[in-house]
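# Observations on the three-dimensional arrangement
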Amino acid sequence: MKVAIIGQGYVGLTIAASAAEYFDVVGFDSNPKIVDQLNLGLSHIEGVESALLKNRIKSGRYKATTEGSNLQDADLVVIAVPTPLTTDRKPDLTFIDAACKTIALNVFKPVLVINESTSFPGTVRNYIKPAIEKYSPKLIRHEYAISPERVDPGRTDFNQKNTPRLFAGLTPEASKKTREFYSKFCDNLVEVSSPEVAEAAKLFENTFRQVNIALVNEFAQISHALGISVYETLDAANTKPYGFMKFAPSAGVGGHCIPVDPTYLAAIAEEYGAPATFIRRANEVNLEMSEYIVRRVIADNGGNLRGKSVLVVGVAYKPNVADVRETAAELVIEHLRSQGAVVSWHDDVVGKWKGEDSAPLRGADIALVVTKHDSVSEKEILASAPYVFDTTGKVKTATGL
Ligand SMILES: NC(=O)c1ccc[n+]([C@@H]2O[C@H](COP(=O)([O-])OP(=O)(O)OC[C@H]3O[C@@H](n4cnc5c(N)ncnc54)[C@H](O)[C@@H]3O)[C@@H](O)[C@H]2O)c1
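Before going into details, it helps to say that this report is about the structure given with it. (Residues numbered from 1 in each chain as written. Predicted model: local features only at pLDDT ≥ 70, side-chain atom pairs only at ≥ 80, totals over all residues. Heavy atoms only, no water.)

### So, the overall build of the protein
For the protein, the helix and strand inventory stands at 12 helices and 15 strands. In terms of C-alpha radius of gyration, the protein reaches 23 Å, essentially the compact-globule figure of 21 Å for 401 residues. Over its C-alpha atoms, taken along the principal directions, the protein stretches across nearly 70 × 50 × 40 Å. Each of the 401 residues in the protein was classed as buried or not, and the buried ones make up 51%. Residue pairs in contact within the protein that sit at least 24 positions apart in sequence constitute 68% of those at least 6 positions apart. Counting only carbon and sulfur atoms, one obtains 54% of the accessible surface of the protein, whose full area is about 18500 Å². (Helix = DSSP H or I, 4+ residues; strand = E, 2+ residues; numbered from the N terminus. Rg over C-alpha atoms; globule rule 2.2 N^0.38 Å. Buried < 20%, exposed > 50% of the residue type's maximum accessible area, 1.4 Å probe, protein only. Contact = heavy atoms within 4.5 Å. Areas by Shrake-Rupley, 256 points an atom, 1.4 Å probe, with all protein chains shown as cover.)

What follows is the structure, given as structure tokens:
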């Protein structure tokens with residue numbers, strides 16, 4: 001069986017690397033730089049080792065391409081392209097639309113199309129299928145399914161193989177084929193009754209996290225106002241063996257999923273006239289954290305930051321990955337600069353970001369920790385400035401949330 005995977009980023013390359021153990025895989029990506037690198041066996045994704053990729057290439061089981069015509073012999077096509085928000089924070093399906101066009105213009109026999117991109121309920125049925133049919137020169141009866149991706153970049157305890165995978169086809173035949181495909185490299189497949197349930201479950205999982213993170217971020221502000229430690233209070237609450245789940249306060253949420261997916265759910269809810277006030281507010285609370293943190297730093301530093309050198313430590317959206325998408329560090333830096341601070345950042349995992357290089361971890365007036373990678377020690381952070389504000393709870397003796 002030949003498998004084509006559209007989009008060779010975090011999700012697409014991870015699937016490609018697993019699937020290529022059993023199938024011939026073509027990784028299609030519109031970015032020629034990524035494709036060239038991949039064909040040299042160089043992975044740009046945490047969790048996919050270059051050695052594994054080289055192995056797959058050597059065995060003839062994997063190649064990357066920018067050429068749509070290479071999708072021609074595929075029996076199964078996976079869509080794994082970005083689903084971001086537009087500038088006015090609405091679901092942006094332009095990448096999915098482009099992927100549909102690629103399929104329509106290059107796949108001329110019936111195949112199984114599986115969507116792994118995160119989107120709102122109804123995307124496979126009401127958007128992907130009609131789009132492919134609209135762009136196809138003639139009607140081809142493809143099968144359609146959804147299997148939302150749950151990969152957590154950088155995580156080692158749960159991976160592609162042992163994370164339960166939801167799926168559903170538009171038809172029983174599509175469901176059957178989807179199960180056959182994933183069962184080769186996933187241990188636990190969970191079929192649900194419709195694509196809409198699978199799509200909604202994925203959005204709700206991340207909305208659950210966003211809302212709970214917003215709640216704990218609000219609670220951090222309440223704890224500070226009350227003069228008690230948020231961390232000690234959370235540890236105390238966490239001694240309850242049931243009905244409580246601990247979330248950690250932070251500078252906000254980042255990455256491609258948690259700041260984005262809940263907005264997809266809110267948008268479809270509002271389109272159907274259902275309330276999404278809680279989801280909308282959670283997003284606002286998380287976005288407002290950066291401003292709150294900067295206010296705390298100002299209050300501790302004589303009421304203004306003008307001319308002070310502030311080193312933001314860790315700009316990746318979470319520890320031990322180089323991913324800066326939607327990172328809370330961006331808003332923190334923006335607020336610091338708007339207060340006249342001279343801001344640089346240190347993050348050797350990220351290295352280069354927005355045309356700036358990671359600065360040395362020393363010599364600042366103020367250090368503000370947004371993300372703490374394992375490679376940076378508490379001692380180094382504490383020595384980098386006379387005042388350190390930590391949003392991670394990991395620099396124990398610093399001022400914190
Ligand atoms: N990153 C995660 O942890 C994660 C987890 C679960 C679900 N998802 C979802 O999976 C989807 C993909 O996310 P990702 O993190 O892999 O994105 P990514 O940005 O890492 O990769 C997407 C790739 O698609 C390519 N691309 C864009 N448009 C294309 C097109 N028309 N044709 C071919 N290639 C195209 C880009 O060049 C890029 O390499 C999104 O819907 C995301 O929400 C991501």
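Next comes the rest of the write-up.
### Here we look at the site of the ligand
Around the ligand lies a shell of 27 residues, among which Y10, V11, D29, T83 and T118 are the nearest. Within the backbone of Y10, one N or O atom sits 3.0 Å away from an oxygen atom of the ligand. Residue V11 places a main-chain N or O atom 2.8 Å away from an oxygen atom belonging to the ligand. When the ligand is considered free in solution it has 830 Å² of accessible area, and contact with the protein chains removes 90% of it. In the shell around the ligand, the residues fall into 13 nonpolar, nine polar and five charged. (Near = heavy atom within 4 Å. Polar contact = N/O pair within 3.5 Å; in protein donor to acceptor, adjacent residues only side chain to side chain. Nonpolar A, V, L, I, M, F, W, Y, C, P; charged D, E, K, R; others polar.)

### Notes on the packing of helix α7 (residues 195-226) against helix α8 (residues 230-237)
Closest axis-to-axis distance for the α7/α8 pair is 9 Å, and the angle between their directions is 120°. Comparing the axis directions of α7 and α8 gives the class oblique. The two elements α7 and α8 meet at a crossing, and its hand is right-handed. Together, V216, F219, A220 and S223 of α7 and V230, T233 and L234 of α8 make up the contact between the two elements. Split by residue class, the contact of α7 with α8 holds five nonpolar, two polar and no charged. (Axes fitted to C-alpha atoms, helices over the stretch in contact; angles between N-to-C directions. Parallel < 35°, antiparallel > 145°, perpendicular 65-115°, else oblique. Left-handed = near helix turned anticlockwise from the far one by under 90°.)

### Points about the environment of L234
Checked against the element boundaries, L234 lands in helix α8. Using a relative accessible area of 7% as the deciding quantity, one classes L234 as buried. Taking C-alpha positions, L234 is 6.8 Å from K246, a pair spaced 12 residues apart along the chain. Filtering out sequence-adjacent residues up to four positions away, L234 remains in contact with V216, F219, F244, K246, F247 and P249.

### Notes on the sheet that holds strand β10 (residues 342-346)
One open sheet holds the five strands; their spatial order is β10-β9-β13-β14-β15, and the pairing between them is parallel. Strands at the two margins of the open sheet, each flanked by one partner only, are β10 and β15 (399-400). Strand direction decides the pairing type here: strand β13 (residues 366-369) and strand β14 (residues 387-390), joined by four bridges, are parallel. Bridging across to β14, L368 finds its partner in F389. The sheet strands contacting helix α10 (residues 277-300) are β13, β14 and β15, and the helix crosses β14 at an angle near 155°. (Pairing = 2+ DSSP bridges.)

### Concerning the state of the cysteines
Counted under the stated rule, the structure contains zero disulfides. The thiol sulfur of C100 is not disulfide-bonded, and the nearest other cysteine sulfur, from C257, lies at 20 Å. Under the relative-accessibility criterion, C100 is labelled buried at 0%. Note on C257: no disulfide assigned, nearest cysteine sulfur contributed by C186 at a separation of 17 Å. According to the relative accessible area criterion, C257 is partly exposed, its value standing at 28%. (Disulfide = S-S within 2.5 Å.)

### Side note on the sheet that holds strand β1 (residues 2-6)
Taken in spatial order, the eight strands of this open sheet run β3-β2-β1-β4-β5-β6-β7-β8, and their pairing is mixed. Of all strands in the sheet, those bounded by a partner on one side alone are β3 (62-65) and β8 (189-191). Between one strand axis and the next, the sheet turns through 25° on average, direction left out of account. Across four bridges, the pairing between strand β5 (residues 112-115) and strand β6 (residues 143-146) is parallel. When the sheet's bridge partners are listed, N115 is paired in β6 with I146. The strands touched by helix α1 (residues 10-19) are β1, β2 (24-28), β3 and β7 (165-169); relative to β1, the strand with the most contacts, the crossing angle is about 165°.

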